[in-house]
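Residue-level structural notes
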Amino acid sequence: MGKLAITGGKPLRKTPFTRWPIPTKSESAALKDVLESTLWGGQPFPGKHAAAFAAKFARVHTAKYGQCVNTGTVAIQAALKAIGIKPGDEVVVPAYTWEGTVGPVLLVNAVPVFVDVDPDTYCLDARLIEKAITPKTKAILPVHLGMRFADMDEILRVASKHKLKVVEDCAHAHGGMWKGKGAGSMGDMGAFSFQSSKLITSGEGGAVITNNLEYMELVESYINAGRASLTDKYKKRIIGFNYRLGEFQAAVLGAQLARMPKQSAIREKNMRQFEARMTKTPGIGLLKPDPRITRLAPYGYVMKYFAEKVSDIPRAAFVAAMQLEGVHCDGLFYEPVYKSSLFPVDATDFPALSWGREKALDLRSMYSCPESEKAAYQEAVWFPHQHFLGTTKDVYDIADAIHKVLENVEELRGLDHKAIRNQRLGRADRES
Ligand SMILES: Cc1ncc(COP(=O)(O)O)c(C=O)c1O
């Protein structure tokens, strides 16, 4: 029996961390309001709660217009349609992200072009974009991943030089600010998700924000079965679908948005305390701070694990040991999308991958993005944001669990950590 919980010792922490999402009386009251109104969604569009939430959400992110949609994936898809992405166009995307960033590009029959991430942020490396631009490139789709922003200064400079549009994937960045500007308000459009793990959530849901009324009108047409938008100033219609958000979900979002600033402040304070306890921990790297991020929006706390500084004990063993100490974290949280089993792209389903080519593009074999692969398969460790929503003691426990595992890391050598973790936690994720 060792000191670590994974080798039979006592877990460092037995009490659960903050649960997410947090239901309160505000959500209950908002849901009751919708229930009794009998206006549950559909038409009239948008409903009272969806309209109020979208307007406030856009304001909070320093954008003029907002619209709710039913998922974050649809938010990206609607944004791509609104900015005029056509079949065969190329869209630059980061390789290291959730597959849902890239799926919408294929869904509009455009071609995703993977670019590596910056090791300081794990976001799209803006310095590499120009090399990926071809005459077919029409847009850049950066993701503000984890707890950092993609370098919007450089992305906007490259976009303006090459006349490209920018859609910000802000699925992780609710409330975040870059030099005082809200996430999603700097490019042509911003797309958000409200799926259950996100910083505000209605279980499922999404939103698009923009400063461009014409784009917003196109979004409205696209998500409301092709109908005219509310303002209809530009008199444009596109073939649309029903991608509306129901009023129950919009009402829950309204309640969550009201609490977001307080929760963001708690997370930020706790992350600072955690980092103060973690500096100079051998084997662990913290992401470089960026003073241009003027309000942090951490979807997850992300740090680096350097196996080579920890006697070559693989990250998967470290993660398994942490979980059994009572601290949830994930190593293989995302994969480079082109390598992911959740991305079995088949060119016959997406004809633009073959157009004008003797052989269809094989997105799964044509890329190698070393920083994305290093993050995915070796270094990145993700903690859920709600672990940082409680007390200082909570985050000290996380730091202490890391130190405990690292101090006793030799106990992990040769262990079948995957079998142990899966047996105890009854779960299997992507980590091998
Ligand atoms: C980075 C990123 N982009 C896009 C999405 C898609 O959002 P949704 O799951 O709401 O469709 C997600 C969410 O899961 C995400 O994390």
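Here the residue index of a chain counts from 1 through its sequence in written order. Residues qualify for local features only when their pLDDT is at least 70, as the model is predicted, and side-chain atom pairs are given and counted only at 80 or more; totals for whole chains, interfaces and linings, by contrast, use all residues.

A run of DSSP states H or I qualifies as a helix once it reaches four residues; a run of E qualifies as a strand once it reaches two. Both are numbered from the N-terminal end. Looking only at helices and strands, the chain features 12 helices and 13 strands. With C-alpha atoms as the basis for the radius of gyration, the globule rule is written as 2.2 Å multiplied by the number of residues raised to the power 0.38. What you see for the chain is a C-alpha radius of gyration of 22 Å, in line with the 22 Å of a compact globule of 432 residues. Principal-axis analysis of the C-alpha atoms places the extent of the chain at approximately 70 × 60 × 40 Å. The exposure scheme places C-beta atoms from the backbone and then counts, for each residue, the other C-beta atoms within 10 Å of its own, assigning buried at 20 or more, exposed at 12 or fewer, and partly exposed in between. Counting over 432 residues, the chain shows a buried share of 50%.

Values of pLDDT, ranging from 0 to 100, describe the predictor's confidence in every residue of the model. Confidence along the chain averages 95 in pLDDT terms, with 97% of residues attaining 70 or more. Considering each helix and strand of the chain separately, the mean pLDDT is smallest for helix α12 (residues 417–425), with a value of 65, and largest for strand β5 (residues 165–169), with 99.

Ranked by size, the top nonpolar core spans 132 residues in total, and within it Val69, Ala75, Ala78, Ala79, Val167, Val208 and Ala321 carry the most contacts. Of the residues forming this core, the biggest block, 8 residues, is contributed by helix α9 (residues 315–324). Just so you know, the domain bounds were taken from an automatic or database domain assignment. Composition of this core by domain shows at least three residues from each of domain 1 (5–20 + 261–334 + 374–425) and domain 2 (25–256). Nonpolar core, as used here: buried Ala, Val, Leu, Ile, Met, Phe, Trp, Tyr and Cys residues forming one set through C-beta atoms within 7 Å.

With mixed pairing, the 7 strands of this open sheet are ordered in space as β1-β9-β8-β5-β4-β2-β3. Of all the strands in the sheet, just β1 (65–69) and β3 (111–115) have a single pairing partner and so form its edges. Each neighbouring strand pair of the sheet contributes to a mean axis angle of 25°, computed without reference to strand direction. Pairing of strand β8 (residues 189–193) with strand β9 (residues 206–210), which is carried by 4 bridges, proceeds in the antiparallel orientation. Note on β9: the bridge partner recorded for phenylalanine 192 is alanine 207. Here contacts are defined at the residue level, using C-beta atoms placed from the backbone and a cut-off of 7 Å between them. A fitted line through C-alpha atoms represents every axis, and for helices the fit uses only the stretch in contact; the resulting angles, taken between N-to-C directions, go from 0 to 180 degrees. Its contacts with the sheet place helix α3 (residues 72–82) against β1, β5, β8 and β9, and it is angled at close to 165° to β8. Should DSSP find at least two bridges between two strands, the strands are regarded as paired.

Moving on, we get to the sheet that holds strand β13 (residues 380–384). The strand order across the open sheet built from 3 strands is β10-β12-β13, with neighbouring strands paired in antiparallel fashion. The strands lining the two open edges of the sheet, one partner per strand, are β10 (284–286) and β13. Shown here is a sheet whose adjacent strand axes are inclined to one another by a mean of 35°, direction ignored. As judged from the 5 bridges shared by strand β12 (residues 300–305) and β13, these two strands associate in the antiparallel manner. Residue pairing in the sheet places glycine 300 in a bridge with proline 384 of β13.

On to helix α8 (residues 247–278), then. Working rule for helices: expected span equals 1.5 Å times residues minus one. Taking 1.5 Å of rise per residue, 32 residues should cover 46 Å, and α8 covers 43 Å from first to last C-alpha, within 8% of that figure. Bend at a residue means the angle formed by two fitted axes: the first through the 7 residues ending at that position, the second through the 7 residues beginning there. Considering bend angle alone, the principal kink of α8 is centred on methionine 260 and spans about 45°; proline proline 261 follows within four residues of it.

Not every one of the 14 residues close to the ligand is listed here, only the nearest: Gly72, Thr73, Gly100, Ala171 and Ser193. Mapped onto the shell around the ligand, the elements with two or more residues apiece are α3 and α4 (99–107). In this text, near has one meaning. A residue is near a molecule or strand if its C-beta atom, placed using the backbone, is within 6 Å of it.

For the rest of this paragraph, the subject is the domain arrangement of the chain. Under the domain assignment used here, the chain contains domain 1 (5–20 + 261–334 + 374–425) and domain 2 (25–256). Facing the 21 residues of domain 1 at the interface are 23 residues of domain 2. Those elements that provide at least two residues to the side of domain 1 that touches domain 2 are β11 (293–295), β12, α10 (370–379) and β13. Residue polarity is assigned by list, with Asp, Glu, Lys and Arg as charged and Ala, Val, Leu, Ile, Met, Phe, Trp, Tyr, Cys and Pro as nonpolar; anything else, Gly included, falls into the polar class. A breakdown of the residues in the side of domain 1 that touches domain 2 according to their chemical character gives 13 nonpolar, 4 polar and 4 charged.

Helix length check: helix α2 (residues 48–60), at 13 residues, gives a terminal C-alpha distance of 18 Å against a target of 18 Å (1.5 Å per residue), a fit within 8%. Among the residues of α2, those classed as buried are His49, Ala50, Phe53, Ala54, Phe57 and Ala58. What you see down the axis of α2 is that its buried residues fit within an arc of 150°, all on one side. One or two residues past the end of α2 sits threonine 62, with phi positive at roughly 55°. The arc in question is the one spanned by the directions pointing from the helix axis to the C-beta atoms.

In this section: the environment of glutamine 256. Residue placement: glutamine 256 occurs in helix α8. According to the C-beta neighbour criterion, glutamine 256 is buried, with 25 such atoms within 10 Å. Along the chain, glutamine 256 and valine 113 lie 143 residues apart, while their C-alpha atoms are 35 Å from each other.

What follows is about the environment of alanine 347. Mapping alanine 347 onto the fold places it in the loop between α9 and α10. The contacts of alanine 347, once residues within four sequence positions are left out, are Leu353, Ser354, Ala360 and Leu361.

Another aspect to go through is the environment of isoleucine 85. Here isoleucine 85 lies in the loop between α3 and β2 (90–94). Measuring from C-alpha to C-alpha, the distance between isoleucine 85 and arginine 292 comes to 30 Å, with 207 residues separating the pair along the chain.

Before going further, it helps to examine the pairing of β2. Counted residue by residue, β2 has 5 buried out of 5 residues, so it is predominantly covered. Judged by which residues are buried, β2 turns out to be covered on both faces: Glu90, Val92 and Pro94 on one side and Val91 and Val93 on the other are all buried. Pairing of β2 with β3, which is carried by 5 bridges, proceeds in the parallel orientation. Looking at β3, one finds that valine 92 is bridged to valine 113. Looking down the strands as they point away from you, a crossover is right-handed if its path from the first strand over the helix to the second goes clockwise. Note on the crossover from β2 through α4 to β3: the handedness is right-handed. The pairing of β2 with strand β4 (residues 137–140) spans 3 bridges and is classified as parallel. Across the sheet, residue valine 92 finds its bridge partner in β4, namely isoleucine 140.

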